Amino acid sequence: MFQSLNHLISAWWPEPLRLILFLVGIMSFVGLNAAYLVWVERKGAARFQRRPGPTEVGWAGLLQPIADAAKLMSKQLILPAGVDATLFRVAPLLMMSPVLMSLAVIPWGRNLAACNLNVGLLMIFAFGSINVMAIMLGGWSSRNKYAIISAARVVSQNVAYEIPMLLVVITMIMVTGTMNLSEIVIQQSGAFWHWNIFRVWINPLMPVTFLIFFTCMLAETNRAPFDMAEAESELVAGAYTEYSGMGFGVFFMAEYANILLGCALATVLFLGGWQSPIGNLLGDSQSIVGVLFGVFWFFVKMYFLVFSVVWIRWTFPRTQFYRLLNLSWKILIPISLVTLILSSAMIKLFHQ
Amino acid sequence: MEPFPASQMIVGAIFLICVGTAVLGALIAALTARIIRSVCGLAICCIGLAGLYYFLNSPFLALMEILIYIGAVCVTIVFAVMLAEPDEPVRDENFGSTLVWGGLAVLVSAAIFWGLWRLGAHQDWTAPATRVTDGSVKAIGYSLLTTYSMAFELISLALLVAIVGALAIARTGRTK
């Protein structure tokens with residue numbers, strides 16, 4: 001029997017081909033996922049507002065994303081007068097490519113990461129920081145007042161929420177002692193009380209840490225109630241105002257890819273990644289069935305979080321901008337500092 | 001497992017791509033007239049540098065280069081430019097002073113280049129027999145708090161002074 005799926009692949013193909021296979025897989029997954037998350041979003045929004053949502057194209061509107069994609073791709077790419085043409089065209093790509101890079105280090109199952117990097121966590125945050133640059137360049141190069149206001153908002157929002165996010169991540173690095181995402185998941189093996197979110201004996205504030213992480217993730221991906229960058233009731237479409245056709249489509253896809261990445265990271269860091277919540281039922285988690293079972297649990301957890309993101313968007317109204325900044329600087333940063341100090345003290349005193 | 005066919009050439013190509021990206025970014029940063037494009041050139045240059053660090057087996061340093069120089073420095077510069085100067089900058093019509101300053105800049109960069117080239121060509125570079133650290137978080141933490149603790153503290157002090165200075169300036173600006 002083959003030891004794992006990864007081994008199976010590497011027995012047939014050498015490393016570069018395996019990598020290409022994984023990356024092509026990730027790219028097609030991101031595209032498909034973005035298309036169908038739009039469907040989930042529309043259907044979810046409709047259900048939360050007690051209406052049916054898309055029903056006409058395909059069963060329950062399931063072919064709607066394909067129709068949408070065809071429409072977007074056939075639209076003209078308008079280049080407004082006076083824009084900085086190069087930057088205007090580059091900005092959507094700059095938003096999309098870092099996410100694809102970051103998804104390469106996410107372990108989807110045991111030994112199922114395109115690149116099992118030792119500094120995987122750092123890599124996600126390094127490439128995640130390019131996002132701000134992309135929205136900002138898109139907004140600036142549009143030569144549109146709303147877009148520039150949106151760009152200014154994006155920077156202050158992202159700078160404000162990067163700090164508690166990184167503090168939480170530092171706490172997690174101290175608790176796990178590694179930045180390798182696969183190892184972080186392996187440390188959480190066993191039933192659900194071994195997951196980092198429930199490890200209250202290391203840090204009694206662990207669930208709070210998860211909440212801070214999730215809130216910051218919402219803010220960093222510009223999702224409601226923190227979608228100050230798009231804010232369609234005040235800023236038309238913010239930084240994306242001047243984009244048409246696939247230029248807008250790529251921004252949209254990148255937004256959903258970012259949500260996916262954030263939820264995948266939350267799953268890995270806090271919810272035990274591919275570990276099943278009831279322990280290893282199938283015994284041997286190295287076999288192909290065990291690995292696929294792990295992938296199943298990973299997707300269940302990740303899509304539960306994605307659903308929560310949609311749920312939050314259609315439940316809470318958009319915050320005001322100063323409230324958004326106050327939430328970060330006056331509430332999230334102090335609490336995350338407290339969790340950082342508390343868990344370092346707990347680790348030093350009890351777990352050395 | 002036998003080595004992948006032409007792996008040496010692939011490695012060489014990756015090295016050339018990294019060097020090319022760094023040089024291209026630097027050229028964009030130096031040659032373009034719009035300041036936002038220069039910042040983008042700087043970002044591209046930093047990506048090339050990060051690639052070189054990764055090539056030299058230091059992934060931590062490579063990612064830190066991206067996180068700090070693109071995610072923090074470039075974003076801050078773009079933000080400052082965007083707030084201060086939303087419109088096209090007025091072109092400097094004074095050709096004489098441009099010539100003087102440009103010539104001076106060429107001289108200084110030629111001198112720096114010559115010095116670096118001499119250092120690179122005539123220094124006896126010996127590779128350490130073993131890697132100094134394994135590059136893990138633990139090793140970096142130990143060296144930051146033991147060997148390099150002085151530099152670490154000095155840098156944090158400099159940042160603290162910068163923050164206090166920014167606060168002081170912002171205070172007086174607000175009361176005006």
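Our subject is the structure listed above.
Peer 1: I'd like to hear about the pattern of salt bridges, residue by residue, with values.
Peer 2: Residues and elements named next belong to chain A. The full count for this structure, using the stated rule, is four salt bridges over all chains. Among the ionic pairs, Glu 255 bridges to Arg 223, the shortest N-O distance being 3.7 Å. You can see Glu 255 sitting in helix α11 (residues 245-270) and its partner Arg 223 sitting in the loop between α9 (206-220) and α10 (232-235), a full 32 residues away along the chain. The pair formed by Glu 255 and Arg 223 is uniform in burial state, with each residue classed as buried. Via salt bridges that share partners, Glu 41, Arg 223, Glu 255 and Arg 313 belong to a single interconnected network.

Peer 1: So, the nonpolar core: which residues are in play, and what are the values?
Peer 2: Across soluble globular proteins, nonpolar side chains have a tendency to be buried as a group. Residues and elements named next belong to chain A. Within the largest apolar cluster, 115 residues are counted, with the highest numbers of intra-cluster contacts made by Ile 106, Leu 121, Leu 181, Phe 213 and Phe 270. Considering every element that reaches this core, the biggest residue donor is α11, with 15 residues. Setting aside chain neighbours within four positions, we find Ile 106 in contact with Leu 112, Ala 113, Ile 124, Leu 181, Leu 261, Ala 264, Leu 265 and Phe 298.

Peer 1: Provide a residue-level description of empty space enclosed by the protein, including the pertinent values.
Peer 2: Residue and element names in this part refer to chain A. Tallying each qualifying case throughout the model produces five cavities of 30 Å³ or more. There is about 260 Å³ of room inside the largest cavity. Along its surface, the largest cavity is lined by 20 residues, and Gly 128, Met 165, Glu 220, Asn 258 and Leu 261 are the ones closest to its centre. Listing elements by their share of the lining of the largest cavity, those giving two or more residues are α4 (85-103), α5 (120-128), α7 (145-176), α9 and α11.

Peer 1: Which residues make up the packing of α7(A) against α9(A), and what values go with them?
Peer 2: All names here are of chain A. Contact geometry for α7 and α9: axes closest at 9 Å, N-to-C directions at 145 degrees. Of the two possible hands of crossing, α7 and α9 adopt the one that is left-handed. From α7, Gln 157, Asn 158, Tyr 161, Glu 162, Pro 164, Met 165, Val 168, Val 169, Met 172 and Val 175 reach across to α9, where they touch Met 206, Thr 209, Ile 212, Phe 213, Cys 216, Met 217, Ala 219 and Glu 220. In terms of residue class, the contact of α7 with α9 is built from 13 nonpolar, three polar and two charged.

What counts, and at which threshold
- Residues numbered from 1 in each chain as written.
- Chains lettered and ligands numbered in written order.
- Predicted model: local features only at pLDDT ≥ 70, side-chain atom pairs only at ≥ 80, totals over all residues.
- Heavy atoms only, no water.
- Salt bridge = Lys/Arg side-chain N within 4 Å of Asp/Glu carboxyl O.
- Helix = DSSP H or I, 4+ residues; strand = E, 2+ residues; numbered from the N terminus.
- Buried < 20%, exposed > 50% of the residue type's maximum accessible area, 1.4 Å probe, protein only.
- Core = buried A, V, L, I, M, F, W, Y, C linked by side-chain atoms within 4.5 Å.
- Contact = heavy atoms within 4.5 Å.
- 1 Å grid on protein atoms, 1.4 Å probe; cavity = no way out; pocket = protein on both sides within 12 Å on 5 of 7 lines; lining within 4 Å.
- Points joined across faces, edges and corners; volume = space filled by probe spheres on them.
- Axes fitted to C-alpha atoms, helices over the stretch in contact; angles between N-to-C directions.
- Left-handed = near helix turned anticlockwise from the far one by under 90°.
- Nonpolar A, V, L, I, M, F, W, Y, C, P; charged D, E, K, R; others polar.

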